[in-house]
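# Coordinate inspection notes
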Amino acid sequence: MSFERIREKLSILADAAKYDVSCASSGGKRNNPKKGLGNNTGMGICHSYTEDGRCVSLLKILLTNHCIYDCAYCITRKSNDIQRAAFKIQEVVDLTINFYRRNYIEGLFLSSGIFKNADFTMERLVEVAKKLRLEENFNGYIHLKSIPGASDELMREAGLYADRLSVNIEIPTKSGLKLLAPDKKHEDFIKPMQKVKEEIIQHRAEQKIIKSTPRYAPAGQSTQMIIGATGESDRDIMYSATFYYKKFNMRRVYYSGYIPVLEDSRLPAIDTEVPILRENRLYQTDWLLRFYGFSVEEILNDSHTHLDLDIDPKLSWALRNLHFFPIDINRADKRMLARVPGIGMQSVYKILEARKFRKLNWTHLKAIGIANNRAHYFITCDSKDFYSQELAPDEIKARILKNSNSKYKKYFNHQLRLF
Ligand code: SF4
C-alpha cells in the first residue's frame, strides 16, 4: 500500500471521526501559506483525559466510514454520497506506533462505521487494540468506541486492552432514536453498557483479592448525545444523562450540538445555528448535578423545561429561589455554600477550612477567590452588608450581566438595555 493511499485514507477517516466530541479538536484544518510556525493538516490528532486526569494527544480515526445503517444525522450514513475508505487492522497498528515513536501522539481513539454487522466490526476494533498491547507492547492510552449490538464476549475482551470504552447513544430519547435511526434499537446501546459496567465491577472486586487480575477499562465508560437534532427539552436531556450516570456508572456524558450537514425532512434546516451555548449550559448543569449536589428537578422542571441561555444554571436557580438567601457565610452548611452563584466547590472547601480559625469578612472572601460581584447578592458576612433584599430577580440578573466578562454577552445585550 503506497504512502499516498494511506495518507488519503487518514484524511478521509480522521475527518469522519471529528463529529465525536469527546476529542473535539480533531479534523480541523489550518494552512500555513507564509512559512509560519506549524500547521494543522486535519489528520486527526486530538486531546483527551486519562484516568488520572492527564491531558493526552490521541490519533482519532475511524476504522472505516462504510456503514450499513442510515442514521439521519450522520455524515457517514449509507445513503450519503461521500468518499469511502477502510483501514486494514495492521495499518492502524502501524500508524499508531509510527506516530507514537515520532512523539505526535500518546494514544489512539478508534471508532468505526458498521460494516457487515456489529460483531464483525467490533472484532476488528478489538483486534487493533490487542495487537497494539500484545505484539507491539504499546502502553499508551486506547479509547475504543463500542459498536451498538456487539456481543458480550467481544465487550469483555475490548475492556482488557482499552483504557476507556464508549457507546454513543446519540439521540437522548427512544422516540427520537426511532425517528432518526430506525435501524437501531435502544437495547443495542444498553446491552454493551451493562456488560462494561458489570466487568468493571467484577474486575475491581477480583483485584482486591488477586493482585494479578488484569485491569478492565480503567478509565471507565462514556457516552455522547447529539443535542438539537430532535425536539427534546433540556429537562429530557438531563434526565436521560442522569439515568446513564446512575445506571451504568458513566464516567462522562458528552453533549454534542447537532451540526447540520445533510438535507433531510426529519432534521433541522441546514442553516440552523449550531447550539454551542446550549451545549455549554448542559455541561454546566451536568457539573452541578455531579459535584454540587443539585437534582435535575431543582434546575429543570414543569415550569422551567429549558435552561436559560443568558445566565448559567446555578445563577438561574438562585434567582428563582431567592427565599433561600441571603445565607450567612460564617454559618451556612456545605450544601448551601455550594449553591451560591460565584462560589465554586474549591472555594466552599476553603471557606469551611478558614471558618475553623476566624470569622470571615469580605476581605477574607476576596482572598479565597470567590466572585464577589455575583456572590454578594446572596450572602452576608455581617448583617449590615446585604442590600439586595429590595431587588427583584430581574434586577439582580441585569446588574450581574452588566459586569460580566462572558464571551456570550452578545446574547443578552438586549436585556441590559432594559435597566
Ligand atoms: S451506525 Fe454510526 S456510523 Fe453508521 S450511520 Fe449510524 S451513526 Fe453513522
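Refer to the structure presented above.
Residues numbered from 1 in each chain as written. Predicted model: local features only at pLDDT ≥ 70, side-chain atom pairs only at ≥ 80, totals over all residues. Heavy atoms only, no water.

### Remarks on the pattern of salt bridges
Condition: Here, a salt bridge means any side-chain nitrogen of Lys or Arg that lies within 4 Å of a carboxyl oxygen of Asp or Glu. By definition, any uninterrupted DSSP run of H or I lasting at least four residues is a helix, any uninterrupted run of E lasting at least two residues is a strand, and each is numbered from the N terminus. The buried label goes to any residue with under 20% of its type's maximum accessible area, the exposed label to any with over 50%, and the partly exposed label to all in between, with areas taken from a 1.4 Å probe on protein chains only.
For the structure shown, the criterion picks out 19 salt bridges. Salt-bridge contacts for Arg-235 lead to Asp-302; the nearest nitrogen and oxygen are separated by 2.7 Å. Taken as a pair, Arg-235 in helix H7 (residues 234–248) and Asp-302 in the loop between helix H9 (296–299) and helix H10 (313–320) lie far apart in primary sequence, 67 residues in all. On the accessibility criterion, Arg-235 (22% relative accessible area) is partly exposed. One salt bridge in this structure joins Arg-266 and Asp-264, with 2.9 Å as the shortest N-O distance. According to the relative accessible area criterion, Arg-266 is partly exposed, its value standing at 30%. Connected through salt bridges with shared partners, the residues Arg-77, Asp-264 and Arg-266 form a single ionic network.

### Brief notes about the site of the ligand
The following threshold applies: One heavy atom suffices: a residue is near a molecule or strand as soon as one of its heavy atoms comes within 4 Å of it. For this classification, the nonpolar set comprises Ala, Val, Leu, Ile, Met, Phe, Trp, Tyr, Cys and Pro, the charged set comprises Asp, Glu, Lys and Arg, and every other residue, Gly included, is treated as polar.
Every residue close to the ligand is listed here: Cys-67, Tyr-69, Cys-71, Tyr-73, Cys-74, Arg-77, Gly-113, Ile-114 and Lys-184. A per-class count over the shell around the ligand returns 6 nonpolar, 1 polar and 2 charged.

### Digging into helix H6 (residues 186–209)
Selection criterion: One fewer than the residue count of a helix, multiplied by 1.5 Å, yields its expected span. In this description, contact between two residues means that some pair of their heavy atoms is separated by no more than 4.5 Å.
Relative to the 34 Å expected for 24 residues at 1.5 Å per residue, H6 spans 36 Å between its end C-alpha atoms, a close match to the ideal helical length. Within the span of H6, buried status applies to Asp-188, Phe-189, Pro-192, Met-193, Lys-195, Val-196, Lys-197, Glu-199, Ile-200 and His-203. Turning to H6, the residues buried within the fold contact helix H4 (152–161), strand E5 (164–166), helix H5 (174–180), strand E6 (221–227) and H7.

### Considerations on the environment of Ala-118
Note on placement: Ala-118 falls in helix H3 (residues 118–135). Residue class for Ala-118 comes out buried when judged on its relative accessible area of 14%. The sequence separation of Ala-118 and Ser-146 amounts to 28 residues, and the corresponding C-alpha distance is 9.1 Å. In contact with Ala-118, other than residues within four places in its own chain, are Ile-147, Pro-148, Gly-149 and Ala-150.

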